[in-house]
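Structure at a glance
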2 protein chains.
Amino acid sequence: MGQPKIRNMEEFANISGISRPTVSKYFNNPESVRTSTRAKIEAALKRYDYQPNVFAMNQNRRTTKNIGVVVPNLADPFFSEIGRRVELACIDAGYSPILLSSHGSPEMERDNLTSLRALKPAGVLLAPFGRMSDVEAVQTFDADFPLVLFDANMSSIGQAFVGTDNAQSVDLMVEYLCRSGEAPCFFEMKSPTNPNANKRRQAYIDSMERHGHVPRIYQADGEGWNFEEIGKVEGGRLLAAKSFETKTILCSNDRLAIGMLSAAYDLGLRVGHGPECDLRIAGHDDHPFSKFTCPPLTTIAQDYEAIANRAVRELFSTLEAENQTKDRSETTFDGRLVMRESA
Amino acid sequence: MGQPKIRNMEEFANISGISRPTVSKYFNNPESVRTSTRAKIEAALKRYDYQPNVFAMNQNRRTTKNIGVVVPNLADPFFSEIGRRVELACIDAGYSPILLSSHGSPEMERDNLTSLRALKPAGVLLAPFGRMSDVEAVQTFDADFPLVLFDANMSSIGQAFVGTDNAQSVDLMVEYLCRSGEAPCFFEMKSPTNPNANKRRQAYIDSMERHGHVPRIYQADGEGWNFEEIGKVEGGRLLAAKSFETKTILCSNDRLAIGMLSAAYDLGLRVGHGPECDLRIAGHDDHPFSKFTCPPLTTIAQDYEAIANRAVRELFSTLEAENQTKDRSETTFDGRLVMRESA
DNA sequence: ATTACAAATTAGCGCGCGTAAATTTTATTT
DNA sequence: AAATAAAATTTACGCGCGCTAATTTGTAAT
């Protein structure tokens, strides 16, 4: 990093002894220039800290190196974790991820897509709200930019979908709970914001029937993203009123389960699979905190890493395919049973 | 939103019956044009969905409408929450926030500052690692861009610092714990990543001495951001060995406390302030999950909203001051005692 | 109606880089 | 050594808007 400030690519080209168009080629793809030329440029880069002006770069390009990453709510550790991995995978591939949270609001999801348009992204990875999303807006966006969905699916939208196989994962949990004790009843929100919730309910019903049990579903009132609060208040109410017909409860997700564990504690109910316990509670997602609940939560771990990497790969393969019409793909990964003390 | 695509500002200016420079003025500040002109432009905007090319806009401007927001780790709910509020405050002010997480790595913090340079941000809000940060890099950045620090302070860096008054907040907690029972001992990490940890330790010592008690500090081994794990393993070890000299433990932050609560549960220790309890545990930060721990965690609530808003305000006042030399300001907000069952 | 001032217009340069076509240089093959 | 292909260079234009200076138009006050 030398002293003299490089003002533009022209100056840098002169200094490195290479013509400007070739330097431009280098920055767009270092592999595209001869090894000896590359060496010269990189030698100059060591001595002077020049980097091309992003704004000028992107102005005349039809597509940039930007990748939009939109998640419904970064305050939810699930999304901050998967968003994080997606972000890092993009950086590794030499792209510039732009991570946007919709803060729990479908309107902001729409706004986020709108602002992304201005950045001419090479592609976008979207974890949509689903039915709550502005479907038309997402469709229009899909028509204009390469789009890959993850976590939540929307039929026929995007070049690909990557997520977890809820049928498999819920069946795995039901199977385990039945094998190790009583068949579970199911606790969820009445109006879930996430389409996975519906898949999980259906998976629960199917699985219970397959095992010869009657499915029993309990739905909590409540809106928004305060899942723990809803789980605690509504779950606690059901527990106090002894409304659950079985002593084994499968929650639609870990955050509800965390709330219910808190309610059970308040009520003096011992949660766990020991003979002295009053209740078994299980969740779904392996939330970062589930390991530290009291007792630690038995749950299904989603394969964050695989989902994030695959989603990014799907997007890049779409980018490479370019004009060839590629079929829409759906990939789901298996959930993994994480046995802890709560069930 | 009409059919014909507007290609550039020239076309849009023709359609709206206004000259291009005036349209340009409008987009840079709608207030700067006459009411009647503004009305004409906005009427045209209703019919045609034109928006200026961001890249062309920012190319010749010395400073953009971008605001960088850098936090050490978005996976930590504390930072995702405060980052969220900062982000929204910037949007309200008509700026484009760019939220970057350093994923727990000081090197990535440096990289984030470097990539921000390319975006010519109007200003940057940084929650630094502190001593772990690349101090020189932060200083250099400070010299080149308006910079406001929040959460963690670094001496003489940035136009302002906004955070919580650890001396006040810890004293408040110590005072409460002493008044309601036994004086606390203090549990923290041996090599904390955050400078607030040091301030809290010192605040604990001062407060204890002021109250006529002997401070007792217990430090956990362990690196990284897995605070809950460290709290559970190391805290659990100390609990099992009955190493704590008192039955009241103040943890340096909620995440450590959450881990320790989990360990206490495993050991069959009853945590709380009732006569039948074995242990009191308190935290600091009012982590979003502290309300749902077993038992719910007594802690200090930081005023997220106030910190975020003030940090943003400090930055904007710096932007407006422009060349006038403004003194560096430090603002700390009081913590609020949140009494729950754990202590 | 005249004046004074603010706002809009016209005209035009420049930003830093992408990109294309034509040409020259370099590397590889026969 | 000559022929061929590949890479680099030269030349030149364009992107969309910021910004300025000089001029004209519009508005409000006298």
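So, how was this worked out
- Residues numbered from 1 in each chain as written.
- Chains lettered and ligands numbered in written order.
- Predicted model: local features only at pLDDT ≥ 70, side-chain atom pairs only at ≥ 80, totals over all residues.
- Heavy atoms only, no water.
- Near = heavy atom within 4 Å.
- Polar contact = N/O pair within 3.5 Å; in protein donor to acceptor, adjacent residues only side chain to side chain.
- Helix = DSSP H or I, 4+ residues; strand = E, 2+ residues; numbered from the N terminus.
- Nonpolar A, V, L, I, M, F, W, Y, C, P; charged D, E, K, R; others polar.
- Contact = heavy atoms within 4.5 Å.
- Buried area = accessible area lost by both parts, 1.4 Å probe.
- Salt bridge = Lys/Arg side-chain N within 4 Å of Asp/Glu carboxyl O.
- Least-squares fit on C-alpha atoms with pLDDT ≥ 70 in both.
- Phe/Tyr/Trp six-rings, centres within 6.5 Å; stacked < 30°, edge-to-face > 60°.
- Buried < 20%, exposed > 50% of the residue type's maximum accessible area, 1.4 Å probe, protein only.
- Lys NZ or Arg CZ within 6 Å of the ring centre and 35° of its normal.
- UniProt positions renumbered as here; feature names shortened; annotations may be inferred.
- Axes fitted to C-alpha atoms, helices over the stretch in contact; angles between N-to-C directions.
- Parallel < 35°, antiparallel > 145°, perpendicular 65-115°, else oblique.
- Left-handed = near helix turned anticlockwise from the far one by under 90°.
- Disulfide = S-S within 2.5 Å.

- Chain A appears in an unreviewed UniProt entry as Ribose operon repressor from Nereida ignava.

Some thoughts on the protein's contact with DNA strand D
- The full set close to DNA strand D counts 26 residues, and Arg34 and Asn60 of chain A together with Met9, Ser24 and Tyr50 of chain B are the nearest of them.
- Expressed as a percentage, the sugar and phosphate content of the atoms of DNA strand D within 4 Å of the protein is 71%.
- At 2.6 Å from a phosphate oxygen of DNA strand D is found a side-chain nitrogen or oxygen belonging to Thr37 of chain A.
- Here Ser24 of chain B contributes a side-chain N or O atom positioned 2.5 Å from a phosphate oxygen of DNA strand D.
- Where the surface near DNA strand D is concerned, the elements lending two or more residues are helix H2 (20-28) of chain A together with helix H2 (20-28) and helix H4 (54-59) of chain B.
- Class assignment of the residues belonging to the surface near DNA strand D gives a composition of eight nonpolar, 13 polar and five charged.

Some words on the interface of chain B and chain A
- Facing 40 residues of chain B, the contacting portion of chain A comprises 40 residues.
- For the pair chain B and chain A, the two sides together bury roughly 3,600 Å², of which 66% comes from carbon and sulfur.
- The largest per-residue losses of area from chain B upon contact with chain A belong to Phe55, Phe289 and Phe292 of chain B, which jointly make up 22% of the total buried on that side.
- Applying the counting criterion to the chain B and chain A interface returns two salt bridges.
- For Lys291 of chain A, the salt bridge is made with Glu229 of chain B, and the minimal N-O distance between the two is 3.0 Å.
- Counting across the chain B and chain A interface gives three residue pairs in polar contact (both at pLDDT 80 or more).
- Looking at the side of chain B that touches chain A, its residues break down into 19 nonpolar, 12 polar and nine charged.

A few points about the relation of the copies chain B and chain A
- After a rotation of 180° and a shift along the axis of 0.0 Å, chain B superposes on chain A with an RMSD of 0.1 Å. What the superposition gives is, in effect, a two-fold axis relating one chain to the other. Residue Phe55 of chain B, judged by its C-alpha, is the member of chain B lying nearest the rotation axis, at 2.3 Å.
- Counting the interface residues of chain B, we find that 100% of their copies in chain A are interface residues as well, pointing to one common contact surface.

Some words on the packing of aromatic side chains
- All chains considered together, the criterion is met by 29 aromatic pairs over all chains.
- Centroid distance Phe78 of chain B to Tyr304 of chain B: 5.5 Å. Interplanar angle 45°. Geometry classified as tilted. Taken as a pair, Phe78 of chain B in helix H5 (residues 77-92) and Tyr304 of chain B in helix H12 (residues 304-321) lie far apart in primary sequence, 226 residues in all.
- Look at Phe78 of chain B and you get buried, because its relative accessible area is 8%.
- Joined through ring pairs, the aromatic side chains of Phe78, Phe79, Phe129, Trp225, Phe227 and Tyr304 of chain A make up one cluster.
- Above the plane of the ring of Tyr95 of chain A lies Lys65 of chain A, whose end atom (NZ or CZ) is 4.6 Å from the centre.

Here we look at the protein's contact with DNA strand C
- Around DNA strand C lies a shell of 26 residues, among which Met9, Ser24 and Tyr50 of chain A together with Thr37 and Asn60 of chain B are the nearest.
- Put simply, 66% of the atoms of DNA strand C that lie within 4 Å of the protein are in sugar or phosphate.
- One of the side-chain nitrogen or oxygen atoms of Gln59 of chain A is found 3.2 Å away from a base nitrogen of DNA strand C.
- A distance of 2.9 Å is found between a phosphate oxygen of DNA strand C and a side-chain nitrogen or oxygen belonging to Ser19 of chain B.
- Partitioning the surface near DNA strand C into residue classes produces eight nonpolar, 13 polar and five charged.

Thoughts on the UniProt feature "domain: HTH cro/C1-type" (unreviewed entry) in chain A
- The sites that UniProt annotates as "domain: HTH cro/C1-type" (unreviewed entry) are residues 9-51 of chain A.
- Each end of residues 9-51 of chain A is marked by a C-alpha atom, and these two atoms are 8 Å apart; helix forms 70% of the span and strand 0%.

Notes on the UniProt feature "domain: HTH lacI-type" (unreviewed entry) in chain A
- The UniProt record marks residues 7-61 of chain A with the feature "domain: HTH lacI-type" (unreviewed entry), using the residue numbering of this structure.
- The distance from the first to the last C-alpha atom of residues 7-61 of chain A is 21 Å, and the span holds 65% helix and 0% strand.

Brief notes about the environment of Thr332 of chain B
All names here are of chain B.
- Examined against the element boundaries, Thr332 turns out to sit in strand E11 (residues 329-333).
- Residue Thr332 is classed as partly exposed on the basis of its relative accessible area, which comes to 40%.
- Each C-alpha atom, one on Thr332 and one on Lys46, is 45 Å from the other, the two residues being 286 residues apart in sequence.
- Once residues lying within four places of it in the same chain are set aside, the contact partners of Thr332 are Phe161, Gly163, Thr164 and Asp165.

Considering the environment of Val174 of chain A
- Tracing the backbone through its elements, the reader meets Val174 of chain A in helix H8 (residues 166-179).
- Other than its neighbours up to four places away in sequence, Val174 of chain A contacts Pro184, Tyr204, Ser207, Met208, His211 and Leu250 of chain A.

Thoughts on the packing of H2 of chain A against helix H3 (residues 35-47) of chain A
Residues and elements named next belong to chain A.
- Contact geometry for H2 and H3: axes closest at 11 Å, N-to-C directions at 85°. Classed by the angle they form, the pair H2 and H3 counts as roughly perpendicular. Residues Thr22, Val23, Tyr26 and Phe27 of H2 form the contact with H3, whose own contacting residues are Thr37, Arg38, Ile41, Glu42 and Leu45.
- Of the residues belonging to the contact of H2 with H3, the class tally is five nonpolar, two polar and two charged.

Quick notes on the pattern of salt bridges
- Considering all chains together, one arrives at 42 salt bridges over all chains under this definition.
- Residue Arg201 of chain B is joined to Glu188 of chain B by a salt bridge in which the shortest nitrogen-to-oxygen separation is 2.5 Å. Of this pair, Arg201 of chain B sits in helix H9 (residues 195-210) while Glu188 of chain B is found in strand E6 (residues 185-189), placing the two residues 13 residues apart along the sequence. Across the pair, exposure class does not vary: Arg201 of chain B and Glu188 of chain B are buried alike.
- The partner of Glu245 of chain B in a salt bridge is Arg216 of chain B, with the nearest N and O atoms 2.8 Å apart. Taken together, the residues span a long stretch of sequence, with Glu245 of chain B in the loop between helix H10 (227-240) and strand E8 (248-251) and Arg216 of chain B in the loop between H9 and strand E7 (217-220) at a distance of 29 residues.
- Residue Glu245 of chain B is classed as exposed on the basis of its relative accessible area of 53%.
- One salt-bridge network, held together by shared partners, links Glu81, Arg84, Arg85 and Glu305 of chain A.

Details of the packing of H10 of chain B against helix H11 (residues 254-266) of chain B
Residues and elements named next belong to chain B.
- Where H10 contacts H11, the axes come no closer than 7 Å and their chain directions differ by 45°. For the element pair H10 / H11, the angle class is oblique. Read as a crossing pair, H10 and H11 show a hand that is right-handed. Here Phe227, Glu228, Ile230, Gly231, Lys232, Gly235, Gly236 and Leu239 of H10 come into contact with H11, specifically with Arg255, Leu256, Ile258, Gly259, Met260, Ser262, Ala263, Ala264 and Asp266.
- For the contact of H10 with H11, a count of residues per class yields eight nonpolar, five polar and four charged.

Regarding the state of the cysteines
- Evaluation of the coordinates by the stated rule reveals zero disulfides over all chains.
- The closest cysteine sulfur to the non-disulfide-bonded Cys294 of chain A is located on Cys294 of chain B, 5.0 Å from its own sulfur.
- The class of Cys294 of chain A is buried, set by a relative accessible area of 5%.
- Distance from the sulfur of Cys178 of chain B, which forms no disulfide, to the nearest cysteine sulfur (Cys185 of chain B) is 11 Å.
- Given the relative accessible area of 15%, Cys178 of chain B is considered buried.

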